[in-house]
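Report on the structure
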Amino acid sequence: GPPGPPAVGWAERVGQVLLNDQSSRACAYADTRACLATPMGKAGWPRAARLPRAALAPPPPQGVCESAEGDEEEVGYRLHEFGAMGPTGDFGYWPGFTLNPAVWDLAHLRHLHHPGQIPGASGGPPFGAAVGGGRGWGFDPSDRRFEQSASLRLAELGLQVAHLPRMTVRHLGVDESAYELNNLTRPWDRTWDKKAAAS
């Protein structure tokens, strides 16, 4: 059935919040006209968090007092579900974690990277480096799909990913991804067919 009502203060540990809606590729890239043609906020499960109003807006001018009422504001977001397709949008094919514009919970990611180590403590392997033995996660630069591989591993470790149901930033990797710029073209990149035809 359709997603239920937002759960305020839900106890999920979100490790990454994507800054653009993920209901369609157009929304993810902040292509305004195309995104508005496909309703935003249809991908993922609705959630909300109560945040201090002071964290969401600049402080009032000096000498201006604000009432203690309404010190918190409810901010809506959508929780990603890997494998969910159809009416929940087309982002379900991706495991979750991505290098697209987002805010990361670095303490949580470090903990998943090197289990058993105090988040943020020194002494472990470099953050994001490939971790052997199947315990943590990391990026393997020899893997053409290193982002997807890391995303799959993080999903396996239980990392939750969310996105804001709005367009916040313009995505710069629309026409040519960083993979293409570094000659690591993947089968779904736009230049794959061109390179295959040329060879």
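Above this note sits the structure.
The rules behind these values
- Residues numbered from 1 in each chain as written.
- Predicted model: local features only at pLDDT ≥ 70, side-chain atom pairs only at ≥ 80, totals over all residues.
- Heavy atoms only, no water.
- Helix = DSSP H or I, 4+ residues; strand = E, 2+ residues; numbered from the N terminus.
- Buried < 20%, exposed > 50% of the residue type's maximum accessible area, 1.4 Å probe, protein only.
- Contact = heavy atoms within 4.5 Å.
- Areas by Shrake-Rupley, 256 points an atom, 1.4 Å probe, with all protein chains shown as cover.
- Salt bridge = Lys/Arg side-chain N within 4 Å of Asp/Glu carboxyl O.

So, about the overall build of the protein. The helix and strand tally for the protein stands at seven helices and six strands. Ordered by position from N to C terminus, the α and β elements of the protein give β-β-α-α-β-α-β-β-α-α-β-α-α. Across the 199 residues that make up the protein, the buried fraction comes to 34%. Taking the contacts inside the protein whose residues are at least 6 apart along the sequence as the reference set, 63% of them involve residues at least 24 apart. Carbon and sulfur atoms make up 57% of the accessible area of the protein, which totals about 11,800 Å².

Where charged atoms from two side chains of opposite charge approach closely, those side chains can pair. Scanning all chains against the criterion turns up three salt bridges. Close ionic contact of Asp-105 with Arg-13 constitutes a salt bridge, the shortest N to O distance being 2.9 Å. With Asp-105 in the loop between strand 5 (102-104) and helix 4 (106-113) and Arg-13 in the loop between strand 1 (7-8) and strand 2 (14-18), this residue pair connects regions lying 92 residues apart in the sequence. For Glu-156, the salt bridge identified is with Arg-153, shortest N-O distance 2.2 Å. Here Glu-156 pairs with Arg-153, and both are found in helix 5 (residues 146-156), just three residues apart, close to one helical turn. Note on Arg-153: relative accessible area 19%, which makes it buried.

It is worth stressing that arrangement in space is one thing and function is another; only the former is reported here.
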